[in-house]
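The primary structure of each chain is shown beneath.
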Amino acid sequence: MEHCNVSDQQPCDARRPAPLEGIRVLDLTRILAGPWCTQNLADLGANVYKIERPETGDDTRAWGPPFLQTPDREDTAEAAYYLSANRNKQSISLDIASQEGADVVRAMARECDILVENFKVGGLAKYGLDYASLKAINPRLIYCSITGFGQTGPYAERPGYDFMIQAMGGMMSLTGERDDKPGGGPQKAGVAVADLMTGRYATSSILAALFESSRSGLGQHIDIALLDCQVAMLANQNMNYLVSGQAPKRAGNAHQNLVPYQVFPTEDGHIIVAIGNNRQFAAYCEAIGHPEIVEDSRFNINSQRVKHRDELEQILSTAMQKHPSAYWLEALDKIGVPAGPINDLHGVFSHPQVQARKMRIELDHSQAGKVSMTASPMRFSDSPVSYRMAPPQLGEHTDQALESLLGAQSPELKQWREKQQPSLG
């Protein structure tokens, strides 16, 4: 299979290896935040060994429908949710609650550069797989713990899930229609943004620690919390509060700091108009047939438009409903005013820009033949990401990966295999 970066025009043999080629990652994560992090590392070329519980594996394998189907349209055991975050990994089925299983994982940690886990605080200590235990046998190990609330504080031992973190961390106080409008009230985001942002922060932290290790020769413990990441990602909304002392409220599809920057109804649907400066606003007003708005003291600068949001929105909404969406998208594009359609995912993957960027890829799969996936957005000119393997079936690489990493004569591996013999017979 061709492994070249889909957007790169250089011949494959002219490229440098993927950025993390040769780096070994021990993946003790499941669900989304942790697997999202380790998939990023895998896309960057790292060898990722995904440790899964025998029989059930990663919880998300069962989070369907939909499930990946065989060419005969029969469901496999792999839910679409699982597929989204586990490509380029090798699945190893091990019971870390058994002494032999924990010994094998400990031996793997001795050979790896990075370990990522999302167990409850202290949950791995009873297996001798906590940072302190593994640091003693591998001082250069970068050990990243992902939890709901972090390793310290009064909530440290509580479990945390994306939905509740979006609520606790302020996201749902900002998302949803205004309380004084129909349908108003708290609303979560349509994807697990707390998990995904945590996975990205974890990736960045690991890469920074890997760079630091190139100087010191030592690893370290990274403490990543969903709640911390959710709070941090509120960005300008945090500063709106910290500067003013007033907690921002839900604004539906409007922007707290910019007007107009929102959804507008058209003759046949809706589009987004995103005005970022006064020049764009003047061009927009001209295009909709209301150039006089620019001279109105209530609307001539953004700070005034924010104060008089409701009056301006009424004028603009009336004007936008005089023509269909296609008319406005073409007209506004010609004058450099940012505007766009509201696509469902069928529209997304059929969009010419998404297709030009080759954001949909296909990988070989042993049961399904092929599996369609979303490409990584990370683009490198000379050391591109690589797509080597589809998300693995449970335990697909157990023997091969363990022998490759530990060696067939590893005492831990031999002891584990001896323990498996009764169940194999």
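This text follows the structure it describes.
It should be emphasised that the depicted structure is a prediction, and the values quoted were computed from it without experimental measurement.

A.B. asks: Hey, could you run me through the packing of aromatic side chains in this one?
C.D. replies: Between two aromatic rings, the relevant description is the distance of the centres plus the angle of the planes. Under the counting rule described, the total for this entry stands at five aromatic pairs. Between Y131 and Y143, the aromatic rings sit 5.6 Å apart at their centres with planes inclined by 65°, giving edge-to-face as the arrangement. One end of the pair, Y131, is in helix α4 (residues 131–137); the other, Y143, is in strand β7 (residues 142–147), and twelve residues separate them in sequence. With respect to class, Y131 is no different from Y143; both count as buried. Positioned above the aromatic ring of Y82, the side-chain terminus of R61 is 4.1 Å from the ring centre. Sitting above the plane of the F163 ring, K188 keeps its charged end 6.0 Å from the centroid.

A.B. asks: I keep staring at a nonpolar patch on the surface and nothing clicks. Help me out?
C.D. replies: Together, Y155, Y161, M164 and M168 line one region of the surface with nonpolar side chains, adding up to about 400 Å² of accessible area. Along the chain, the position of M168 falls in helix α5 (residues 162–168). A relative accessible area of 41% means that M168 is categorised as partly exposed.

A.B. asks: Help me understand the packing of helix α1 (residues 33–43) against helix α7 (residues 193–216), please; the structure alone is not making it clear to me.
C.D. replies: Pairs of packed helices are described in terms of their axes, by the angle between the two and the distance that separates them. Orientation of α1 relative to α7, taken along the N-to-C sense of each, is 45°, at an axis distance of 7 Å. One finds that α1 runs oblique with respect to α7. Once α1 is placed against α7, the crossing between them reads as right-handed. The residues of α7 that touch α1, namely those facing A33, W36, C37, N40 and L41, are D195, L196, T198, G199, R200, A202, T203, I206 and L207. Across the contact of α1 with α7, the residue classes tally to eight nonpolar, four polar and two charged.

A.B. asks: Looking at this structure, how should I read the nonpolar core?
C.D. replies: Within soluble globular proteins, side chains that are nonpolar tend to cluster in buried spots. Counting 40 residues, the largest nonpolar core has V25, V116, C144, I146 and I206 as its most contacted members. Of all the elements, α7 adds the most residues to this core, at five residues. The contacts of C144, once residues within four sequence positions are left out, are L115, V116, E117, A202, I206, I222 and I224. Among the nonpolar cores identified, the runner-up in size contains 27 residues, and L26, M108, Y143 and A401 belong to it.

A.B. asks: Got a minute to help me understand the packing of helix α3 (residues 99–111) against helix α16 (residues 398–406) in this structure?
C.D. replies: Packing of α3 against α16 leaves a shortest axis separation of 10 Å and a crossing angle of 50°. When the axis of α3 is compared with that of α16, the two are oblique. Note on packing geometry: the crossing formed by α3 with α16 is left-handed. Contacts from V104, A107, M108 and E111 in α3 reach L402, L405 and L406 in α16. Split into classes, the residues belonging to the contact of α3 with α16 amount to six nonpolar, no polar and one charged.

A.B. asks: I would appreciate a short explanation of the sheet that holds strand β9 (residues 261–265) in the present structure.
C.D. replies: Reading across the sheet, the three strands line up as β9-β10-β11 and stay open at both edges, with antiparallel pairing between neighbours. Of all the strands in the sheet, the pair left with one neighbour each is β9 and β11 (339–341). Strand-to-strand twist across the sheet, computed as the mean angle between neighbouring axes with direction ignored, equals 25°. Alignment of strand β10 (residues 270–274) against β11, held across three bridges, turns out to be antiparallel. Bridge pairing in β11 places I272 opposite G340.

A.B. asks: Would you take a moment to explain the pattern of salt bridges for this structure?
C.D. replies: A side chain with one charge may pair with a side chain of the opposite charge, provided their charged atoms come close. Enumeration over the complete set of coordinates arrives at 16 salt bridges. The closest approach of N and O atoms between D27 and K89, which form a salt bridge, is 3.6 Å. In this pair, D27 sits in strand β1 (residues 24–28) while K89 sits in strand β5 (residues 89–93), placing the two residues 62 residues apart along the sequence. We classify D27 as buried; its relative accessible area is 0%. The exposure class of K89 is buried, given its relative accessible area of 0%. Ionic pairing is found between R250 and D179, a salt bridge with its closest N-O pair at 2.7 Å. A residue pair is termed long-range when its members are at least 10 positions apart, and R250 in the loop between α9 (235–244) and β9 and D179 in the loop between α6 (171–174) and α7 qualify at 71 residues.

Thresholds applied
Residues numbered from 1 in each chain as written. Predicted model: local features only at pLDDT ≥ 70, side-chain atom pairs only at ≥ 80, totals over all residues. Heavy atoms only, no water. Phe/Tyr/Trp six-rings, centres within 6.5 Å; stacked < 30°, edge-to-face > 60°. Helix = DSSP H or I, 4+ residues; strand = E, 2+ residues; numbered from the N terminus. Buried < 20%, exposed > 50% of the residue type's maximum accessible area, 1.4 Å probe, protein only. Lys NZ or Arg CZ within 6 Å of the ring centre and 35° of its normal. Patch = residues over 30% accessible without salt bridge, like charges linked within 9 Å, V, L, I, M, F, W, Y side chains within 5 Å. Areas by Shrake-Rupley, 256 points an atom, 1.4 Å probe, with all protein chains shown as cover. Salt bridge = Lys/Arg side-chain N within 4 Å of Asp/Glu carboxyl O. Axes fitted to C-alpha atoms, helices over the stretch in contact; angles between N-to-C directions. Parallel < 35°, antiparallel > 145°, perpendicular 65-115°, else oblique. Left-handed = near helix turned anticlockwise from the far one by under 90°. Contact = heavy atoms within 4.5 Å. Nonpolar A, V, L, I, M, F, W, Y, C, P; charged D, E, K, R; others polar. Core = buried A, V, L, I, M, F, W, Y, C linked by side-chain atoms within 4.5 Å. Pairing = 2+ DSSP bridges.

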